[in-house]
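# Summary of structural features
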Amino acid sequence: MAATSEVTTRGEADQTGRPPRGGTAKSRKGGAFGEGRAAWILALPFCLLFLTFTVWPVLQSLFMSFTDTRARDLKTPFAVDIVGLDNFTKALSDEQFLQAARNTAYFVLVGVPLTLTMALAAAVVLDRGITKLRSVFRLGFYLPVITSIVAVAVVWRFLLQEDSGLINTALGWFGIPGPNWLGDPNWSMPALILMASWRNFGTAMIIFLAGLQAVPWMLHEAAAIDGAGAWQRFRHITLPMLRPTILFVSVTTGIGYLQFFEEPFVMTNGGPLNSTTSMSMYTYKQFGFGNYGYAASLSYIIFIVIAVVTAIQFRLLREKD
């Protein structure tokens, strides 16, 4: 019977001129090759744009960081001298860059925890505390994120004015003398941190809301039956289950804060006394001065710092096996 069936199948294939259902291995291979070729053809424009405007400039800037390229050398880019690691060693002894690095560290170490704390508190309130007009509050908290950073910085610059600013006026109602927020080196960086945290916590809040909604409420009910209070449930149930979310938010927020530029550029121009100059802003100024090789090396130092900080965050906040 098996032989008869095989003969019948072959006969049907020969009579119709078509291979059995499923096709031969050769035809399937040809179809896969055709699909792969079509995929590469469709992806080719993006690949060309990516290579031209991303990969090539990155490689050029990496090469530039090992040279003494200045603005006058743009006409003869191949006549520059290779200086090796001199630009990087110069950065480590440049007091202004080191001051910018300390300012950036201050901004990150204070701003990231403050932003995450505000975002998590708002997310918890919106998730469990507020039941009416929840969408309105979400939109209100997220609105600063989609507003132009330049517009936000200009508005906050007027709010923080020493004599006529709204914040100092409100403090005066309670008999509190307001400081010179943007003119005093002791208050300029806290003012920028406050503004940046207010503007950016909406993004983290939305992500925390998604994470909170993934926490099973039955765990809270079981813990409440066992006598656990609200803080205990939050500490031992909510926070551990939010660990991946906290990792993601802290990494993305930290990367953004390590590159902060618009806030001091618009509000203080790096002053007073360079107290708000960031690493990105100092690098931008070096490009403006025409020190292209040195500025390129500073850019890669910032990249290395971001990579190290991100690795530390993954080490500390990743889920434990």
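Fair warning: this is a prediction, and the values are worked out from it, not measured in the lab.

The rules we used
Residues numbered from 1 in each chain as written. Predicted model: local features only at pLDDT ≥ 70, side-chain atom pairs only at ≥ 80, totals over all residues. Heavy atoms only, no water. Helix = DSSP H or I, 4+ residues; strand = E, 2+ residues; numbered from the N terminus. Buried < 20%, exposed > 50% of the residue type's maximum accessible area, 1.4 Å probe, protein only. Areas by Shrake-Rupley, 256 points an atom, 1.4 Å probe, with all protein chains shown as cover. Salt bridge = Lys/Arg side-chain N within 4 Å of Asp/Glu carboxyl O. UniProt positions renumbered as here; feature names shortened; annotations may be inferred. Core = buried A, V, L, I, M, F, W, Y, C linked by side-chain atoms within 4.5 Å. Contact = heavy atoms within 4.5 Å.

## Regarding the overall build of the chain
What the chain contains, in helices and strands, is 14 helices and zero strands. Starting at the N terminus and walking to the C terminus, you meet the elements of the chain as α-α-α-α-α-α-α-α-α-α-α-α-α-α. Here the chain holds 321 residues, and 34% of them are scored as buried. Carbon and sulfur atoms provide 67% of the accessible area of the chain, an area that totals close to 20000 Å².

## So, the pattern of salt bridges
A full pass over the atoms with the stated rule returns one salt bridge. Residue Glu 95 is joined to Arg 102 by a salt bridge in which the shortest nitrogen-to-oxygen separation is 2.8 Å.

## What to know about the UniProt feature "transmembrane region" (unreviewed entry) in the chain
Annotation from UniProt places "transmembrane region" (unreviewed entry) at residues 38-59, 105-127, 139-159, 187-210, 241-260 and 292-317. Along residues 38-59 the backbone is 100% helical and 0% strand, and the end-to-end C-alpha distance reaches 29 Å. The span residues 241-260 is 85% helix and 0% strand, and its two end C-alpha atoms sit 30 Å from each other.

## Focus on the nonpolar core
Counting 48 residues, the largest nonpolar core has Phe 97, Phe 107, Leu 160, Phe 208, Met 267 and Leu 298 as its most contacted members. Broken down by secondary-structure element, the contributors of at least two residues to this core are helix 3 (86-92), helix 4 (95-129), helix 6 (149-159), helix 8 (185-213), helix 11 (243-258), helix 12 (262-267), helix 13 (279-288) and helix 14 (292-317). Top contributing element to this core by residue count: helix 8, with 12 residues. If we skip the residues at most four places from it in the chain, Leu 298 touches Ala 91, Phe 97, Tyr 282, Thr 283 and Gln 286.

## A look at the environment of Leu 85
Among the structural elements, Leu 85 can be located in the loop between helix 2 (25-64) and helix 3. Note: C-alpha distance between Leu 85 and Thr 67 (18 residues apart in sequence) is 8.8 Å.

## Regarding unusual backbone geometry
The step from Gly 271 to Pro 272 runs through a cis peptide bond, and the omega angle for that step is -5°. Tracing the chain through its elements places Pro 272 in the loop between helix 12 and helix 13. Backbone geometry at Asn 269 places phi at a positive 55°, although glycine is not the residue there. Position of Asn 269 relative to the elements: it lies in the loop between helix 12 and helix 13.

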